[in-house]
Amino acid sequence: MDIRWKALFVHLLTASGAVLSMLAMLAAVEGKWSLMFLWLVVALLVDGFDGPLARRYDVQVNWPTYDGVLLDLIIDYLTYVFIPAFALFQSGLLPGWTGWIAIIVITYGSVIYFVDTRMKTKDNSFAGFPACWNMVVLVLFALQPNFWLMLAIVVALAGTMFTNLKFIHPVRTERWRTLSLPVTLAWIGFAGWAAWVDFHPQSWAHLGLAITSLYLLLAGIAQEIFPARGAR
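Quick look at the structure, then. (Residues numbered from 1 in each chain as written. Predicted model: local features only at pLDDT ≥ 70, side-chain atom pairs only at ≥ 80, totals over all residues. Heavy atoms only, no water.)

1. Some remarks on the nonpolar core
Item 1. Membership of the largest hydrophobic core comes to 58 residues, with the highest contact counts inside it found for M36, F37, L88, W133 and W187.
Item 2. Of all the secondary structure elements, the ones that give two or more residues to this core are α1 (3–29), α2 (33–56), α4 (68–90), α5 (96–114), α6 (133–143), α7 (147–160), α8 (177–196) and α9 (205–225).
Item 3. With 9 residues, the top contributor of residues to this core is α6.
Item 4. The next biggest cluster of nonpolar side chains, apart from the first, holds 5 residues, and it includes A7, V10, A54 and Y57. (Core = buried A, V, L, I, M, F, W, Y, C linked by side-chain atoms within 4.5 Å. Buried < 20%, exposed > 50% of the residue type's maximum accessible area, 1.4 Å probe, protein only. Helix = DSSP H or I, 4+ residues; strand = E, 2+ residues; numbered from the N terminus.)

2. Concerning the pattern of salt bridges
Item 1. With the rule as written, the count across this model stands at 4 salt bridges.
Item 2. Across the salt bridge formed by R4 and D2, the nearest N and O atoms sit 3.1 Å from each other.
Item 3. On the accessibility criterion, R4 (47% relative accessible area) is partly exposed.
Item 4. Overall, the relative accessible area of 34% leaves D2 in the partly exposed class.
Item 5. With its nearest N and O atoms 3.0 Å apart, the salt bridge here joins D116 to R118.
Item 6. Residue classification places R118 among the exposed positions, given a relative accessible area of 63%. (Salt bridge = Lys/Arg side-chain N within 4 Å of Asp/Glu carboxyl O.)

3. Quick look at unusual backbone geometry
Item 1. Even without being a glycine, N124 presents a positive backbone phi close to 65°.
Item 2. Structurally, N124 is set in the loop between α5 and β1 (126–127).
Item 3. Phi at Q144 takes a positive value of approximately 45°, unusual for a residue other than glycine.

4. Points about the environment of H169
Item 1. Assignment of secondary structure puts H169 in the loop between β2 (166–167) and α8.
Item 2. H169 sits 39 residues away from P130 along the chain, and the two C-alpha atoms are 9.0 Å apart.
Item 3. Ignoring sequence-local partners within four residues, the contact set of H169 consists of N124, S125 and F126. (Contact = heavy atoms within 4.5 Å.)

Honestly, that's just the spatial picture; any functional story needs more than this.
This is the structure in structure tokens:
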């Protein structure tokens with residue numbers, strides 16, 4: 001197949017995230033939270049595959065008619081931010097004014113973060129929390145901590161979007177990638193498992209989600225505390 005058609009296919013694969021986001025939103029409107037998260041997990045898998053494919057087939061050169069970066073950002077805002085924020089509010093996990101604070105800081109803070117040209121670091125990590133609210137909200141649905149703790153987590157993560165704290169990209173951050181990538185795949189597996197069993201409180205998926213989430217959340221900060229040899 002001509003490489004130009006392969007590049008077009010990558011754009012179309014990315015665009016399929018819009019359909020997945022609509023399916024997730026329809027499930028969310030009906031209060032089918034497990035189904036919503038299953039669609040979001042599928043969208044996360046698509047997002048994980050399209051990036052490496054886009055670089056492999058150099059879509060900016062071989063199909064420049066479509067702006068792959070802009071397309072990816074549109075899909076990411078829907079699946080990473082907008083729908084998870086709606087679910088957090090509509091589900092009642094954060095009642096009353098706490099829910100309003102959560103959706104405001106999530107949606108407003110994230111849209112500002114997405115347009116920040118300084119969001120990527122030199123090692124292809126993220127400067128500040130990369131607005132992966134789909135992952136955060138899924139973990140909150142699974143573990144359901146005290147709502148004050150949930151609110152604190154949301155506000156704290158939103159605040160870190162505007163700092164230089166480092167958060168790894170599990171595919172593009174080379175340091176520790178041999179560990180980060182399997183942990184990410186494990187997180188996706190645990191997330192799908194938890195949603196599949198309707199977030200049953202006795203599911204072992206919850207423990208797996210907690211452990212893998214802590215790694216993904218803190219690995220970048222740990223890399224800053226313990227820099228690679230010769231990095232200084």
